Structure formats: structure tokens, C-alpha cells
Amino acid sequence: MAKGALPGFRDFYPQELAERAYLLRTWRDVARRFAFVEYDGPPLEPLELYTRKSGEEIVGQLYNFVDKGGREVALRPEMTPTFARMVADKANALRKPVRWFSVPQLFRYERQQKGRLREHFQLNVDLVGESDVTADAELLAVAVEIVRALGLTQNDVRARVSDRRLLRALLGALGVPEGQAPAVFGVIDKIERQPLEISREKLAALGLGQAAVDAIVGLTGRVSLERLRADYGTVPDVAERLADLERYFGYLRALGVGEWVDLDLKIVRGLAYYTGIVFELFDAHGEFRAICGGGRYDTLLESLGGVDLPALGFGMGDVVLGELLRKRGLMHAERSAADYWVAYSDPAQLGQAMELAGALRRGGASVEYALKAQQLGRQLKAAAAAGVPEAVIVREDHALILKSLASGEERTVRLREGRLV
RNA sequence: GUGACUGUAGCUCAAUCGGUCAGAGCACCGGACUGUGGCUCCGGGGGUUGCGGGUUCAAGUCCCGUCAGUCACCCCA
């Protein structure tokens, strides 16, 4: 259509806003259940905050401009740099572990497509100051409990988990030079999205022998900790990581989310800064993009904020999650209708109706009534159309009738201290 | 940024081979049902067919451009 919101931006009409509110409320509720506390930062940041982490090429994907003070600025495309700065600035004063979450609106200048707009809301949950896998388990449990709270089941959503350090150790055991590891990660990251032969050719082009290529492809298939231990358990680095992962999965089971999680070494996450366990949540039908992604980034706070603290976190956007919920018929909305509709039998009673509405409103209820005097029938029709559950009818004899618009039941009530009794 | 496909009222769609084809349903507003609603009936507002240009006697229907949308690639912080 000719006029409307900018490409990739959304107008939230009351219905859509109610759905968004439902989603964000669930995020906050669950994060708080895990004792995370909310924070926020500025939506506009120095451009340098992002180029320092991701290089100049990131600028092409940012909403950036020069402000009137001559500063290079950008709308935040992600929350992590802001988070890192905030934590680093007060690192010594913060009780560890730091358990913070935020629900920022993020922006990126990219061509939109399904599940990707130029603006979205993203839950960010981060945990700083604990290097053990107990923290990794806690973090993934937050993500899983959120989708559970939204009505999804382990048959709808799967958490796929990998460990970059394990993968690195495995590659080392296969004789892949340390310097080649990132390139191999790149191939593994794409292995699901391109023909296997192409992936094999790319690995061979890195100088890997046939046996190593076969082994790597094998790792990206169905694997289990038992199988890995049997095949590579004699390698000290690998054995150490496997022991950690076994504890990790044990903790996930203890937290009640074990049934949602699969070990899948194909999960690399594009970001270069992940250092340990990484995970993504997908719909089980593979129809949508990743719902959520995150992992451990133990060196990022050091490089961004100069504070050497282990950290991990994940981001979960509202777009893909919303698409999935709608598809499954699970998208709910915060109720937006008023609590009461005050109606009156005689048009001359408009003033009395307004007095009643005023009293109820001061008592905490939301109340609507017909702004122009009209027949009672029309008022009730409007009340029903507005989705209001109950109407209060002011009769000509001044009696108040509370009528359920769903069942039609009526009972006489009285106003007492702003409430109907 | 590259490529493919699509673009008719708020929504879902219709309009034979280009020729009164700019319509329907839903939604919205109003009226009737004469003063307790969601049914029914009647009526109304709303589109220069995304926009611009071209071909033609004639274009929503063909061609080009542009904008927008969808999908894939890129990227995914």
C-alpha cells in the first residue's frame, strides 16, 4: 500500500498491541521467576560501540546517522554491547552472579522477509560471573520455561545445544590446525542449508584429508555424549568437555527441561564471540527461523568493557515467536475491554450514569458508557460489541442492575466505596 | 545489496479473448424491530484498481519504470 509504516516497521493497532503485551508480559514473568531483574539502556548509541565489536562492515546493517552535534550514532541493533558497558562500568560494585534481563526494541537496516523485520522486540537474558555449566543450564531453562509458559510443548519446540570448546577439541583430535577451526565452524554452520557435497568440498579445500572430512560430517549427524566418549574419550581435552556436558544435561533434567533439549553439534551460532555452550530454540517442524539463540561468551566483556568476567546470555525476538504462536493458535492477548459498561433507561439519566462511572473509576475499575444519550437496547448492543463483560443498568427508579452480557444474568447491586456490591 | 513472484475498498476476494466490471461478503456507520443486547430486514460511507509513463479507438486486464509485499541468497549482532 502506498502509505503506511516504513518498510520493516509495524503499526500496532490495539489488537496487535494486546498480543505484544501478552508476549512481553510472559517474558518478564518467567525471567523474574528465575530471579533475573530488568534493566534498560539508551535506544541510540555511539556507532563506535558496534563497530568496535563487529567491524566496519556492520555499518551496512545499522540505522546510523550523524546527529546535530556531529556524533556518529546508531539505533541499537543488539543489546549486548550496552549490557557489557553497563556491567563493566560497575563491575566491582555488582553482586555476582549478575542476573539481568531487558526487553529492548532493536533496529537493523536489512531487507525484510519472513521472521525478520527492521525493528523488533527482543528479550535479552544475561548472566555474568559464573563459569560453571550450572549457569548454562539455568540460562537455557529460562528460554525453555518461556515457551512452555506460552503453551508450547516439547513436541512443538526443540532446544538444540552444542559446545564450541568441545567442537574445537574434537577438531584438534582430528588433526585440524587451530587456525582452521573458525573456517570449519563456518562450514558446519551452513551444513544444513546446502548440499552435503558442497560442504565436503569446502572442507577439503581447507586442506583436510578424506578421513577428517568424513569424521566432521559424522559429528554433524546424530550424536550422543556416549557415542562421543566411545569415539574420542581418550583425548584429554575432549574427555574434560564431555564430563562438563554430562553434568550440564544432568542439571537440565533437574530443572525439568531435559526433555526439550537435544545435543546437536551443527549449532555454531554465527557470532564469533561465543566461547562455550551455545544453543538455539527451533519449532519442531522446522518451518520458522530460530526462536531464540544464545550461549557463553566468556571473553566478550574483556574485549568490550575491559573486565574479565565469564558471561552468557540469549536473545529471543517477538517476530518469529509470534508467528509460531499464531500458527499454533496459541496467541493470546491482554484483555483490552473495559470492566463495566454503564447504561441507563432514561436519556435524562446520563448525568447519573456519569456519576456512577466516575465512582467506579475511582474505585479502580475501567468503565465505558454511551457518550450520546440513546435507547437502552442500543447501549447494550454497543457494550456487547465492545467486549465488555458486564453492564450496569441505571433504572428509572435509580436501582442498579448488574447484567452479565455473556449469560444475561441480572442481579440488583449497590455502590459502596467505589465498588458494586 | 542480488534474484524470482505478487500488488483491486479496513479484511477476504470477483470482474469472459484488453471493451459500462469497478462488484460481493465481512467489518464500520445509520434506520426498522418503540425503551435490556448479540438474530433478521433496510440503507449509507469507503477504491482515480500501489504510483508514474507507454501501447491501443479502448487497460484493473498488455509493456516499461518505480514503490511496496512475499520468498530465496547475503547476513543474522
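Keep in mind it's a predicted model, so treat the numbers as computed, not measured. (Residues numbered from 1 in each chain as written. Chains lettered and ligands numbered in written order. Predicted model: local features only at pLDDT ≥ 70, side-chain atom pairs only at ≥ 80, totals over all residues. Heavy atoms only, no water.)

What follows covers the side chain of Asp-126. Along the chain, the position of Asp-126 falls in strand β7 (residues 119–128). Look at Asp-126 and you get buried, because its relative accessible area is 2%. A polar atom in the side chain of Asp-126 sits 2.4 Å from the side chain of Tyr-297. Each residue touching Asp-126, except ones within four places of it in the same chain, is listed here: Phe-36, Tyr-39, Phe-83, Val-98, Arg-99, Trp-100, Tyr-297, Leu-312 and Gly-313. (Helix = DSSP H or I, 4+ residues; strand = E, 2+ residues; numbered from the N terminus. Buried < 20%, exposed > 50% of the residue type's maximum accessible area, 1.4 Å probe, protein only. Polar contact = N/O pair within 3.5 Å; in protein donor to acceptor, adjacent residues only side chain to side chain. Contact = heavy atoms within 4.5 Å.)

What follows is about the domain arrangement of chain A. Along its sequence, chain A is carved into domain 1 (14–327) and domain 2 (340–420). Computed over C-alpha atoms only, the centres of domain 1 and domain 2 are separated by 52 Å. (Domains from an automatic or database assignment.)

Attention now goes to the pattern of salt bridges. Between side chains of opposite charge, pairing is possible as soon as their charged atoms come close. In the structure shown here, the tally under the stated rule is 36 salt bridges. For Glu-19, the salt bridge identified is with Arg-326, shortest N-O distance 2.5 Å. With Glu-19 in helix α1 (residues 14–33) and Arg-326 in helix α12 (residues 318–327), the pair connects residues that are 307 residues apart, well separated along the chain. Linked through salt bridges whose partners overlap, the residues forming this network are Asp-132, Asp-163, Arg-241, Asp-244 and Arg-247. (Salt bridge = Lys/Arg side-chain N within 4 Å of Asp/Glu carboxyl O.)

Now for the packing of aromatic side chains. Applying the stated criterion across every chain yields a total of 11 aromatic pairs. Between Tyr-63 and Tyr-109, the aromatic rings sit 5.0 Å apart at their centres with planes inclined by 75 degrees, giving edge-to-face as the arrangement. Here Tyr-109 lies in the loop between β6 (105–107) and β7 and Tyr-63 lies in the loop between α2 (48–54) and β3 (64–66), a separation of 46 residues in the sequence. Given a relative accessible area of 18%, Tyr-63 falls into the buried group. With relative accessibility at 40%, the residue Tyr-109 sits in the partly exposed group. Taking the centre distance of 5.9 Å and the plane angle of 80 degrees together, the rings of Phe-83 and Trp-100 count as edge-to-face. (Phe/Tyr/Trp six-rings, centres within 6.5 Å; stacked < 30°, edge-to-face > 60°.)

Strand order in the open sheet formed by five strands is β14-β13-β15-β16-β17, with mixed pairing between adjacent strands. Two strands lie at the open edges of the sheet, namely β14 (367–369) and β17 (410–413), each paired on one side alone. Neighbouring strand axes in the sheet, compared pairwise and without regard to direction, differ in orientation by 30 degrees on average. Pairing between strand β13 (residues 340–344) and β14: three bridges, direction parallel. Looking at the pairing, Trp-341 lines up with Glu-368 of β14. Most of the contacts of helix α13 (residues 350–362) go to β14, to which it runs at about 170 degrees, and overall it touches β13, β14, β15 (390–394) and β16 (400–404). Its contacts with the sheet put helix α14 (residues 376–386) on β13, β14 and β15, and the angle it makes with β13 is roughly 170 degrees. (Pairing = 2+ DSSP bridges. Axes fitted to C-alpha atoms, helices over the stretch in contact; angles between N-to-C directions.)

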